[in-house]
Each structure stands twice: as C-alpha cells, then as structure tokens.
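Residue-level structural notes
Given next are the chains, with one letter for each unit.
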Amino acid sequence: MSLKIIDHPLIQHKLAILRSKDTGAKDFRDLVEEISMLMAYESTRNIILEEVEIETPLEKTRAKAILGKKLGIIPILRAGLGMVNGILRLIPAAKVGHIGVYRDHNTLKPVDYYSKFPEDLAERDILLLDPMLATGGSAAASVEFLKNNGAKSENIKFMCLVASPQGLKTLQGCDSEIEIYTASVDRTLNEKGYILPGLGDAGDRLFGTI
Ligand code: PRP
Ligand code: URA
C-alpha cells in the first residue's frame, strides 16, 4: 500500500487552525472543505486524461480533459460529507456515492447503516473520504463494502485529514493495494479511540452536535 503524507505549507497551516479547540463550526467546515480541495490536487495526480477536440478563438486543436464521469467520490457519513464540496469544486462532474458507517462508542466497531453508489462502480476511480482514520475500523469496513459492490482495490484511494499509526496498520492489513492520502500521521489513540493530538470528534465539530 502506498501512503502519501501531503505536507504542503498551506495544508499544514490550515490543519493547525482546524485542530484548535477555539475554532468554531463555521470555520471548521470551511477549513475541512479548503484542505480537502488542496489535497485533491495530489490525490488526483494520476487520473487519466483523454484527448478532446476543441476550438480556440483562432483554430481547432486537441487538448486534454478529465472525464469526470469516471470518478466516484464516496464520503463516509457523517464527517466525510464535509470534504465533498471542496473536491467537487475541482471536479464538478464527479459522481457522489455515500456510505453510512458509525463507530459504536462502546465497542469502537463500525456499524453500517446506509449505502448508495453510482452505477458502474467497477469502472470508476474512487476517492473514499473521511477526515479521521482512528482505529481504522470504519475505513476498512467501507473498503470492504465498496469491493462487495464491484469496486476494484487498485482504483480505491482513501483520503483523510488526520490518521493514527494504528489506523494505517489496520487499513494496510485489510487491503494492501489501496492508496492512502493524509495531511498528518498523529501520535496515537487514547483509550476511547480518539486520535492524539487529533482534532476531536470531526462529525460533531462539523455539524455542531457536541
Ligand atoms: C468518526 C470518523 C470516522 C470514524 C473513525 O465517525 O468520521 O468515520 O469515527 O474512527 P475509526 O477509524 O476508529 O473507525 P463517527 O463514528 O464518530 O461517526 P460520525 O461521522 O457520524 O460522527
Ligand atoms: N473519530 C473522530 O471524529 N475523531 C477521532 O479522534 C477518532 C474518531
């Protein structure tokens, strides 16, 4: 599995503000969107371009274009939703699917409750989104879910903002072929499965449900 830590100064600066307990819900939402958009540059670097014919004001020419219909953006509900708009601003033609998974607070095991995917998942490059990779249970379950619905490992990229070493190991163990993009690998997890130093509960901070 390949792991890419995106350490661009703009991303690191925004992540620092995101982590602060003093950052309110509106700024938190805006920052998650902005960081996701910036990370999308890197995580879409290998998207296949196709030649198209266009006409400039001066003459016809051939140019390269992304066929947006080949990309599927799949947020893991809820917190992954905060990452979608930033990526859609770059690739507006991408299709968006959803996976509903929450982590049981007692067992820390993922519980899935919803899914809706674009058709022909098997033919798409997939960006699976969740700001947090903590124990890795939710991401690993989501990858399995995608594969059970036809997605191919080699086409799946998981993008998060903060990962723990434990979560990376779990995801690696579940599928060694997927690519992982993160803005940070943090120190560890606490006894409740929260990432340290982390940024707290991403879903609650995004949607003001603390
Ligand atoms: C959070 C987060 C991930 C998951 C990460 O979601 O958004 O989906 O926890 O933890 P894990 O790696 O240990 O599985 P949560 O379960 O709190 O649900 P929510 O997005 O609905 O708040
Ligand atoms: N989910 C979160 O939102 N934050 C964590 O630190 C761990 C799981």
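Every value quoted in this text rests on a predicted model; they were computed, and no experiment measured them.

The subject of this paragraph is the state of the cysteines. Summed over the entire model, instances satisfying the criterion amount to zero disulfides. No disulfide involves Cys 160; its sulfur sits 14 Å from the nearest other cysteine sulfur, which is in Cys 174.

Moving on: the pairing of strand β3 (residues 60–66). Pairing between strand β2 (residues 49–55) and β3: seven bridges, direction antiparallel. Within β3, the residue paired with Leu 49 across the bridge is Ile 66. In textbook terms, the turn of a hairpin is the stretch between consecutive antiparallel strands, and for β2 and β3 this stretch comprises four residues.

As a further point, take the nonpolar core. Leu 18, Met 39, Ile 87, Leu 129, Met 159 and Leu 161 are the most contacted members of the largest nonpolar core, which totals 33 residues. Elements represented by at least two residues in this core include exactly α1 (9–19), α2 (25–43), β4 (71–77), α3 (81–90), β8 (125–129) and α6 (202–207). Considering every element that reaches this core, the biggest residue donor is α2, with six residues. With residues near it in sequence (within four places) discarded, Leu 129 still touches Ile 73, Ile 74, Pro 75, Ile 76, Gly 80, Met 83, Val 84, Ile 87 and Met 159. The next biggest cluster of nonpolar side chains, apart from the first, holds 22 residues, and it includes Leu 128, Ala 139, Ala 151 and Phe 158.

This paragraph deals with α3. Restricting attention to buried positions, one finds in α3 the residues Gly 82, Met 83, Val 84, Gly 86 and Ile 87. Tucked inside the fold, the buried residues of α3 contact α2, β4, β5 (95–96), β8, β10 (156–159) and α6.

The subject of this paragraph is the side chain of Glu 42. Following the sequence through the fold, Glu 42 ends up in helix α2. In this structure the side chain of Glu 42 is engaged in a polar contact, spanning 3.0 Å, whose partner is the side chain of Arg 45. In this structure Glu 42 touches Lys 4, Ile 6 and Tyr 181, once residues within four positions along its chain are discounted.

Our focus in this paragraph is the layout of surface pockets. Of the voids in this model, the largest pocket is the one considered here, and its volume is about 540 Å³. Looking at the lining of the largest pocket, the elements that each hand over two or more residues are β4, β6 (98–103), β9 (132–133), α4 (137–148) and α6. For the lining of the largest pocket, the residue count by class is 15 nonpolar, nine polar and five charged.

Below, the discussion takes up the sheet that holds strand β11 (residues 162–163). One key point about sheets: their strands pair by backbone hydrogen bonds, in either a parallel or an antiparallel sense. Strand order in the open sheet made by the three strands is β9-β11-β13, with parallel pairing throughout. Among the strands making up the open sheet, the edge pair consists of β9 and β13 (184–185).

Glancing now at α2. For the α-helix, the turn length of 3.6 residues means that residues three or four positions removed from each other point alike. A rise of 1.5 Å per residue sets the reference length of α2, with its 19 residues, at 27 Å; its end C-alpha atoms lie 26 Å apart and thus fit the reference within 8%. For α2, the complete set of buried residues consists of Phe 28, Leu 31, Val 32, Ile 35, Ser 36, Met 37, Met 39, Ala 40, Glu 42 and Ser 43.

Conventions used here
Residues numbered from 1 in each chain as written. Chains lettered and ligands numbered in written order. Predicted model: local features only at pLDDT ≥ 70, side-chain atom pairs only at ≥ 80, totals over all residues. Heavy atoms only, no water. Disulfide = S-S within 2.5 Å. Pairing = 2+ DSSP bridges. Helix = DSSP H or I, 4+ residues; strand = E, 2+ residues; numbered from the N terminus. Core = buried A, V, L, I, M, F, W, Y, C linked by side-chain atoms within 4.5 Å. Buried < 20%, exposed > 50% of the residue type's maximum accessible area, 1.4 Å probe, protein only. Contact = heavy atoms within 4.5 Å. Polar contact = N/O pair within 3.5 Å; in protein donor to acceptor, adjacent residues only side chain to side chain. 1 Å grid on protein atoms, 1.4 Å probe; cavity = no way out; pocket = protein on both sides within 12 Å on 5 of 7 lines; lining within 4 Å. Points joined across faces, edges and corners; volume = space filled by probe spheres on them. Nonpolar A, V, L, I, M, F, W, Y, C, P; charged D, E, K, R; others polar. Expected span 1.5 Å × (residues − 1).

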